[in-house]
Amino acid sequence: MADKEANARTIALNRRARHDYHIDERYEAGVALMGWEVKALRAGRLQLSEGYVLMKGNEAWLLGSHIAPLNSASTHVIADPTRTRKLLLNRREIDHLTGAVERKGFALIPLAMYWKNGRAKLEIGLGRGKKEHDKRAAEKDRDWQREKGRTLRARNR
């Protein structure tokens, strides 16, 4: 357990994704990054909440995520914080994701970015958007579970 924690450290989470989407499947993808982006990720300067994944030309691309550049790391490069970044997946995964997005109406959402064996990995969720009544039902269920836990703890005291 401790070895796994040492190899995988979370950089950023997209908490909004679990609220807005029903996540059916999860995939792990590598990310093609520039040097200044890696240094900024090590400093934890990533924002995934506005990001999304797009399938274009048998390739997967991460759009809209924001990596704030460090002043000291990107002196000789003009840094574009929201540039499009290529995702590294194998052919079978790309074909499956393309079919799901185009034919079945799924969306690809970035869920989390983390370090794994010294490399930045992006967790992608394949999911459908929630309707407003689904969000309310999930919130109601979450509140009920919390209240149920409180009453059980109070009863056991």
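Placed above this text is the structure.
Residues numbered from 1 in each chain as written. Predicted model: local features only at pLDDT ≥ 70, side-chain atom pairs only at ≥ 80, totals over all residues. Heavy atoms only, no water.

**Student:** Any chance you could explain the nonpolar core here in plain terms?
**Tutor:** Judged by nonpolar contacts, the single largest core of 29 residues is most densely connected at L41, L46, L87, M113, L122 and I124. For this core, the secondary structure elements donating two or more residues are β1 (8-13), β2 (21-31), α3 (35-42), β4 (52-55), β5 (60-63), α4 (91-104), β8 (107-116) and β9 (119-129). It is β9 that contributes the most residues to this core, 4 residues altogether. Beyond its immediate chain neighbours, meaning those up to four positions away, L122 contacts Y27, E28, A29, V31, L48, L62, L87, P110, A112 and M113. (Core = buried A, V, L, I, M, F, W, Y, C linked by side-chain atoms within 4.5 Å. Buried < 20%, exposed > 50% of the residue type's maximum accessible area, 1.4 Å probe, protein only. Helix = DSSP H or I, 4+ residues; strand = E, 2+ residues; numbered from the N terminus. Contact = heavy atoms within 4.5 Å.)

**Student:** What am I meant to see in the pattern of salt bridges here?
**Tutor:** Where charged atoms from two side chains of opposite charge come close, those side chains can pair. Tallied over the entire structure, the rule returns 8 salt bridges. Notably, a salt bridge pairs R16 with D20, separated by 3.5 Å at the nearest N-O pair. Placement of both R16 and D20 in helix α2 (residues 15-20) is noted, with a separation of 4 residues, approximately one turn of the helix. Given a relative accessible area of 48%, R16 falls into the partly exposed group. Among the salt bridges present, the one from E37 reaches R85, with a minimum N-O distance of 2.8 Å. Separated by 48 residues along the polypeptide, E37 in helix α3 and R85 in strand β7 (residues 85-88) bring together distant segments of the chain. Residue E37 shares its accessibility class with R85, and that shared class is buried. Ionic contacts of the salt-bridge type, sharing partners, join the residues E37, R83 and R85 into one network. (Salt bridge = Lys/Arg side-chain N within 4 Å of Asp/Glu carboxyl O.)

**Student:** Please explain the environment of T98 as it appears in this structure.
**Tutor:** For T98, the location among the structural elements is in helix α4. For T98, a relative accessible area of 14% corresponds to the buried category. Through-space distance from the C-alpha of T98 to that of L48 is 21 Å; in sequence the pair is 50 residues apart.

These figures come from the coordinates and say nothing about function on their own.
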